[in-house]
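Examining the three-dimensional arrangement
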Amino acid sequence: MTTHMAIATAGKDVTDMLRTAGLRPTRQRVSLAELLYSKGDRHVSAELLHEEAVAADVPVSLATVYNTLHQFTEAGLLREVAIEGNKTYFDTKVSHHHHFFIEGENRVIDIPGEGVGLGRLPEIPEGMEVVRVDVVVRVREKR
């Protein structure tokens, strides 16, 4: 399959994916979705996706990238992984799993399999329910 055909096929797939998620497949959404999902499961920041878009000649502002990532997250196409107050990654793998954050590299990777066990959750406030439990284990190279 030629590269052009692969992109066209990916474009059709992401167009269907966007429509199924209730999002209108605008040119910018389709282009960003192709960039996001063409490399398999991964974790990206808005800044990284913006750099990839610029390199691929996709005319999009950083603000549009942020808005699109949040729209994809709200539609269930991405999972938001907050590392610090000002650093957020978006995960293309939306199933339940946890993450390692590699300090010094600012990189997020999945914890394989059932790598985290939770013994006990705190008592949930009245009228509330647990939506999800996110565990981020911060690691660095040994010194």
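Before any of the text, the structure's been laid out above.
These notes cover the structure that comes with them. (Residues numbered from 1 in each chain as written. Predicted model: local features only at pLDDT ≥ 70, side-chain atom pairs only at ≥ 80, totals over all residues. Heavy atoms only, no water.)

**Concerning the overall build of the protein chain**
Helix and strand counts for the protein chain stand at 4 helices and 6 strands. Written out in order from the N terminus, the α and β elements of the protein chain read α-α-β-α-α-β-β-β-β-β. By its C-alpha atoms, the protein chain is 50 × 45 × 30 Å across when sized along the principal axes. The buried share among the 143 residues of the protein chain stands at 32%. Sequence-distant contacts in the protein chain: of pairs separated by 6 or more residues, those separated by 24 or more amount to 42%. Of the accessible surface of the protein chain, which amounts to about 9,500 Å², a share of 52% is contributed by carbon and sulfur atoms. Side-chain charges in the protein chain split into 17 positive and 21 negative, and the spacing between the mean points of these groups amounts to 3 Å. (Helix = DSSP H or I, 4+ residues; strand = E, 2+ residues; numbered from the N terminus. Buried < 20%, exposed > 50% of the residue type's maximum accessible area, 1.4 Å probe, protein only. Contact = heavy atoms within 4.5 Å. Areas by Shrake-Rupley, 256 points an atom, 1.4 Å probe, with all protein chains shown as cover. Lys, Arg positive; Asp, Glu negative; His and termini not counted. Charge placed at Lys NZ, Arg CZ, Asp CG, Glu CD.)

**Re helix α2 (residues 27-37)**
α2 sits mainly inside the fold: 8 of its 11 residues count as buried. Listed as buried for α2 are Arg29, Val30, Ser31, Leu32, Ala33, Glu34, Leu35 and Leu36.

**Considerations on the sheet that holds strand β3 (residues 87-91)**
Across the sheet, which stays open at both edges, the 3 strands sit in the order β1-β3-β2 with antiparallel pairing between neighbours. Looking at the sheet topology across the chains shown, the edges are occupied by β1 (43-44) and β2 (79-84). In terms of strand pairing, β2 meets β3 through 5 bridges, oriented antiparallel. Counterpart to Glu84 in the pairing with β3 is Lys87. (Pairing = 2+ DSSP bridges.)

**Notes on helix α3 (residues 46-55)**
Residues of α3 that are buried include every one of Ala46, Leu49, His50, Glu52 and Ala53, and no others. Down the axis of α3, the buried set is contained in an arc of 160 degrees. They therefore lie on one face. α3 presents Glu51 and Ala55 as exposed residues on the side facing more than 90 degrees away from its buried surface. Residues of α3 that are buried make contact with α2, β1 and α4 (62-74). (Arc of directions from axis to C-beta.)

**Here we look at the side chain of Arg29**
Secondary-structure assignment places Arg29 in helix α2. Glu74 is the oppositely charged side chain nearest to the buried, salt-bridge-free Arg29, at an N-O distance of 9.0 Å. Excluding residues within four positions of it along the chain, Arg29 makes contact with Leu18, Leu23, Arg24, Thr68, Gln71 and Phe72. (Salt bridge = Lys/Arg side-chain N within 4 Å of Asp/Glu carboxyl O.)

**What about the packing of aromatic side chains?**
Per the stated rule, a full pass over the model turns up 1 aromatic pair. Considering the side-chain rings of Tyr89 and Phe101, the 6.4 Å spacing of their centres and the 55 degrees angle between planes classify their relative orientation as tilted. Taken together, the positions of Tyr89 in strand β3 and Phe101 in strand β4 (residues 99-102) put the pair 12 residues apart, joining distant regions of the chain. A residue is classified by how much of its surface remains accessible, and Phe101, at 2% relative accessible area, is buried. (Phe/Tyr/Trp six-rings, centres within 6.5 Å; stacked < 30°, edge-to-face > 60°.)

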